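Residue strings, one per chain:
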Amino acid sequence: MVEQVNFNHSAGVPIDERVLQAMEPYFRKFYGNPSSVHSAGQQSAKAIENARVQVSQLIAADSKDRIIFTSGATEANNLALQGFAYRHRRNGNHIIISQMEHLSIINTVKFLSKQGFEYNQVKVDQYGVIDTQALQKAITDQTIIISIQHGNKEVGTIQPIAKISKIANDAAIPLHVDAVASAGQIPIDVTKMGISMLSLSSNDLYGPKGVGALFTKRGISIQPILLGGGQEYGIRSGSENVAGIVGMGAAAEIAQQQLEKNATHLRGLRDNLIKGVLNKVDEAYLNGHPKNRLPNNANIRFAFIEGESITLHLSLHGFLVATSSACTSKTLAPSHCLLSMGVSEAEAHGALQLTLGRENTLNQVDRFIEVLPPIITKLRAMSPLSKDVPYDLFEDEEHDHEHSHEHD
Amino acid sequence: MVEQVNFNHSAGVPIDERVLQAMEPYFRKFYGNPSSVHSAGQQSAKAIENARVQVSQLIAADSKDRIIFTSGATEANNLALQGFAYRHRRNGNHIIISQMEHLSIINTVKFLSKQGFEYNQVKVDQYGVIDTQALQKAITDQTIIISIQHGNKEVGTIQPIAKISKIANDAAIPLHVDAVASAGQIPIDVTKMGISMLSLSSNDLYGPKGVGALFTKRGISIQPILLGGGQEYGIRSGSENVAGIVGMGAAAEIAQQQLEKNATHLRGLRDNLIKGVLNKVDEAYLNGHPKNRLPNNANIRFAFIEGESITLHLSLHGFLVATSSACTSKTLAPSHCLLSMGVSEAEAHGALQLTLGRENTLNQVDRFIEVLPPIITKLRAMSPLSKDVPYDLFEDEEHDHEHSHEHD
Amino acid sequence: MYTQKVIEHFTTPRNMGEMEDADAIGKVGNPVCGDLIWIYIKVKDDVITDITFKTFGCAAAIATSSMITELTKGKTLKEAYQITRNDVAENLEGLPPIKMHCSNLAADGLHKAIEEYLEKTGRTIDDIK
Amino acid sequence: MYTQKVIEHFTTPRNMGEMEDADAIGKVGNPVCGDLIWIYIKVKDDVITDITFKTFGCAAAIATSSMITELTKGKTLKEAYQITRNDVAENLEGLPPIKMHCSNLAADGLHKAIEEYLEKTGRTIDDIK
Ligand SMILES: Cc1ncc(COP(=O)(O)O)c(C=O)c1O
Ligand SMILES: Cc1ncc(COP(=O)(O)O)c(C=O)c1O
């Protein structure tokens with residue numbers, strides 16, 4: 001069998017062995033409830049506090065700030081927005097996000113908009129970078145919170161958080177940052193960056209799935225979503241996932257210690273990957289910002305062919321990669337990020353999303369650059385589209401494909 | 001060092017080794033996102049569907065029903081009540097629960113009561129059994145949902161769900177059952193029992209913490225709390241905690257297969273424990289129902305002394321047990337269950353909550369019965385309270401203890 | 001998620017390519033939706049003597065295109081017109097539910113090519129049915 | 001969660017028990033709140049010559065009761081009255097934050113016993129301060 005190479009870390013990251021080892025005692029031995037007075041419970045409580053410190057250090061949080069452990073990034077984002085919006089409703093009902101946000105932000109503000117809130121989605125440029133002037137203009141006297149992601153997992157673009165935070169702080173509006181894709185990849189300093197809330201995911205730090213965290217700066221108050229026993233400062237009830245939290249803490253510590261080393265390694269791979277592919281394949285384009293991008297992300301669009309068929313060929317060569325093609329999503333809807341960046345729906349189908357991990361090697365990248373071009377050639381030979389028969393020939397045509405589907 | 005004996009399974013259960021083994025591949029190998037098309041992702045997706053089947057079998061759910069995986073029982077209870085209440089608001093705004101419910105039910109309905117809902121807490125008798133006549137009377141034409149727990153983790157009482165479900169079904173009101181403490185202990189058949197929604201916790205089945213599930217019967221629609229990528233039938237977004245879900249599935253399967261065997265073992269230990277202690281210690285009383293109680297639960301109240309001091313002595317002999325004494329809780333508030341059952345606040349302080357687990361032995365129970373009586377004797381010798389100086393001498397006194405605290 | 005049969009037709013598609021002297025071409029789909037299938041046919045005495053395809057689309061779109069050419073070659077127009085979406089899916093030993101629409105598309109392409117051919121020869125499908 | 005010192009005073013409390021011929025008893029707390037402390041004192045020439053306690057309560061309540069009797073024995077009423085909650089907690093090498101109120105209670109019990117004794121002898125605390 002061919003070697004399996006994972007270039008699809010956006011869909012899941014293998015847990016670091018050291019993290020798993022740190023977790024194990026909390027499955028078998030210290031399974032006590034942190035609220036109980038017994039030594040096993042006390043040990044769990046200590047371990048959780050230790051994990052809080054480990055996570056705060058990754059983002060340079062102050063000891064007066066809070067790290068609230070959740071079941072993942074989705075819950076952290078929901079807690080940040082729902083929790084803040086409901087608590088501060090009296091101050092206004094307007095929320096600002098961007099077009100590049102993850103669905104756990106977009107669908108949360110859509111949900112809130114049914115509860116009397118309103119929102120703006122600030123537009124982005126062709127690289128997916130937020131239009132800060134548009135952000136400035138979107139602010140009203142009703143705006144209570146701004147939520148902008150740090151890095152985009154799909155296209156790799158990093159937002160100018162310093163600029164964004166200045167705009168927010170000048171208007172005295174708290175800034176929530178979804179740092180799920182950037183944490184551990186690039187440095188984060190919530191204090192220097194002027195961030196009031198920040199969401200993290202454990203798995204993206206090579207920790208276990210099913211854990212995440214919301215940072216809230218001292219003085220920021222939010223309302224709980226999950227009510228119950230009052231765990232996590234009363235803001236997130238439920239018996240603590242002790243092993244999971246310990247794992248996230250350990251993962252955060254490793255991520256922080258190795259940040260520079262990992263980022264350098266990944267940037268090297270990424271740049272080779274991008275250069276190699278763009279050199280060897282015609283009509284291939286980089287999606288996302290050419291410079292301000294996550295160290296582990298390469299997103300490349302291939303004209304005239306569809307992404308799922310590329311990924312399937314690649315997987316037969318052992319390479320696991322993702323595509324932004326709508327064909328692989330549950331809803332068959334194209335990536336809202338690419339569309340926001342001005343990529344057409346048709347072109348978006350041909351985008352490959354390559355997300356590297358610590359364990360990837362230059363060798364694997366070199367092999368990928370060998371394997372990919374013949375696949376592209378083969379699929380292009382099969383496609384009715386080409387420079388002579390471009391996508392836009394079809395723009396006005398009736399979508400009979402969907403029709404036939406409906407009549408089925 | 002003395003052997004550590006855990007009689008405090010209500011505060012956490014050690015994970016079953018077989019469960020941990022089932023989980024391990026999903027940490028290291030099949031960490032793919034179940035929504036992705038790759039084999040690793042497909043393997044995760046299959047594993048999750050398998051876990052759904054394992055969990056449904058534990059509660060005899062139909063394949064048309066849904067098992068929605070959550071981050072735990074607290075989330076399952078919140079999702080059931082918030083999700084149902086918001087979705088069916090048009091049909092009414094009244095919710096019925098009981099006095100015995102867990103805080104994740106009580107605090108959720110309290111929260112909902114700030115959003116325009118109303119609730120009744122049906123009273124219970126001295127054994128903690130719901131007054132079904134009171135339940136019947138509590139129903140109004142505004143009642144949209146009834147939520148009653150199956151078994152009580154603290155005092156062990158099992159509710160007459162069949163009767164309760166008949167009342168609910170006669171009134172055409174869906175019944176939610178919190179089966180966190182009963183699942184795996186006593187048989188559950190959601191179909192025969194006429195249950196519309198049911199909450200489960202993985203850890204209570206000897207699975208990992210941080211996982212739970214909500215069963216919803218076919219046709220029951222609820223609104224999501226966590227918005228995002230649309231996982232779990234669109235009702236619970238967030239990348240799936242694959243290893244955790246696999247663990248919960250494996251735990252459910254083992255729990256189902258061994259249910260009779262484990263229950264028999266635990267009932268034997270429990271009955272010996274209760275008989276032994278009540279025989280050897282004066283002024284000791286069983287809390288909860290004498291017959292209809294969970295196989296693993298013994299809750300015994302000792303007059304004139306306080307629970308935390310008993311548990312500390314016991315822990316020095318290696319026994320980990322819990323107390324319902326307010327002194328061990330974060331809020332210093334006494335157990336609302338005992339109070340509902342008519343136990344006075346003063347008496348509630350002397351209650352020991354003994355929750356047994358599969359790994360406990362008759363030998364350990366025998367040793368406990370040897371160790372406990374001298375501890376009770378010693379603490380009673382220390383206490384100013386006795387038959388001659390009973391609690392109620394103090395009922396009308398000023399609470400100067402709290403006063404001095406306030407002036408601090 | 002795909003059957004072995006789908007993978008096989010996807011990796012080594014039958015009858016792939018443009019047909020310069022095609023008697024008719026059935027063009028269906030739209031790149032906006034992610035699928036575009038062109039079915040080329042050559043017809044003699046109302047028998048499909050040759051058939052090829054070009055497809056922009058996912059693995060299912062490619063495999064169904066390949067399969068439909070295999071099912072069709074040598075059939076009369078009438079027989080070919082009766083080939084259904086299900087025939088395609090069945091011969092591929094199944095398609096994932098979310099991909100069923102792709103098998104529709106290949107069959108639609110074939111039907112459209114036949115209709116186009118008939119139109120050129122001044123007939124409709126009822127004339128040969 | 002408890003220091004070794006707390007555990008030691010809890011398991012082998014000093015000066016535990018009723019004092020039949022006590023000169024005064026300071027009764028504080030309430031079983032409803034989970035703590036009840038009775039401090040018995042014997043006084044000679046304004047010196048506490050003997051002191052015992054009886055306590056219903058948690059480990060912290062018992063350990064602080066024991067500690068306060070140890071701190072007090074042989075002290076003058078004036079000295080004893082100056083013993084604070086912090087003295088008790090410090091001598092126990094700390095108490096968990098949530099248990100700090102228990103150390104209040106033991107000190108309150110001692111103070112109440114002294115006040116009661118003074119009242120019996122027709123004085124107030126200011127008379128000896
Ligand atoms: C930027 C961002 N935020 C939030 C999430 C949600 O994470 P999860 O699905 O782990 O809850 C994702 C998932 O990929 C993400 O990329
Ligand atoms: C009956 C019942 N329901 C719900 C819960 C909440 O469980 P968790 O804290 O694991 O979310 C508990 C916890 O003990 C419980 O006993």
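Just so it is clear, the structure is predicted and the values come from calculations on it, not from any experiment. (Residues numbered from 1 in each chain as written. Chains lettered and ligands numbered in written order. Predicted model: local features only at pLDDT ≥ 70, side-chain atom pairs only at ≥ 80, totals over all residues. Heavy atoms only, no water.)

Between side chains of opposite charge, pairing is possible as soon as their charged atoms come close. Under the counting rule described, the total for this entry stands at 44 salt bridges over all chains. Across the salt bridge formed by E3 of chain B and R367 of chain B, the nearest N and O atoms sit 3.1 Å from each other. Of the two residues, E3 of chain B is situated in the segment before β1 (5-6) and R367 of chain B in helix α12 (residues 362-382); the sequence distance between them amounts to 364 residues. A salt bridge links E232 of chain B to R52 of chain B; its shortest N-O distance comes to 2.8 Å. Taken as a pair, E232 of chain B in the loop between β8 (212-216) and α7 (242-257) and R52 of chain B in helix α2 (residues 39-58) lie far apart in primary sequence, 180 residues in all. Of the residues examined, R52 of chain B reaches a relative accessible area of 9% and is grouped as buried. Several salt bridges converge on common partners, so that one network encompasses D16, R18 and R358 of chain A. (Salt bridge = Lys/Arg side-chain N within 4 Å of Asp/Glu carboxyl O. Helix = DSSP H or I, 4+ residues; strand = E, 2+ residues; numbered from the N terminus. Buried < 20%, exposed > 50% of the residue type's maximum accessible area, 1.4 Å probe, protein only.)

Right, let's get into the side chain of S201 of chain B. Residues and elements named next belong to chain B. Inspection of the secondary structure assignment puts S201 in strand β7 (residues 197-201). With relative accessibility at 10%, the residue S201 sits in the buried group. Within the structure, the side chain of S201 is placed 2.8 Å from the side chain of D204, a separation counted as a polar contact. Those residues in contact with S201 that sit more than four places away from it in its chain are A73, V180, V211, G212 and M248. (Polar contact = N/O pair within 3.5 Å; in protein donor to acceptor, adjacent residues only side chain to side chain. Contact = heavy atoms within 4.5 Å.)

Near ligand 1 the following residues occur: A73, T74, N77, H102, S104, Q149, K153, D178 and V180 of chain A together with G238 and S239 of chain B. More than one chain reaches ligand 1: its neighbouring residues belong to chains A and B. Within the side chain of D178 of chain A, one N or O atom sits 2.6 Å away from a nitrogen atom of ligand 1. S239 of chain B places a polar side-chain atom, nitrogen or oxygen, 2.6 Å from an oxygen atom of ligand 1. (Near = heavy atom within 4 Å.)

What follows deals with the sheet that holds strand β8 (residues 212-216) of chain A. Residues and elements named next belong to chain A. Read from one edge to the other, the open sheet built from 7 strands follows the order β2-β8-β7-β6-β5-β3-β4, with strand pairing classed as mixed. At either margin of the open sheet sits one strand with a lone partner, and together these are β2 (66-70) and β4 (118-122). Averaged over all pairs of adjacent strands, the angle between strand axes in this sheet comes to 20°, irrespective of strand direction. Bridging between strand β6 (residues 175-178) and strand β7 (residues 197-201) involves 3 bridges; their strand directions are parallel. (Pairing = 2+ DSSP bridges. Axes fitted to C-alpha atoms, helices over the stretch in contact; angles between N-to-C directions.)

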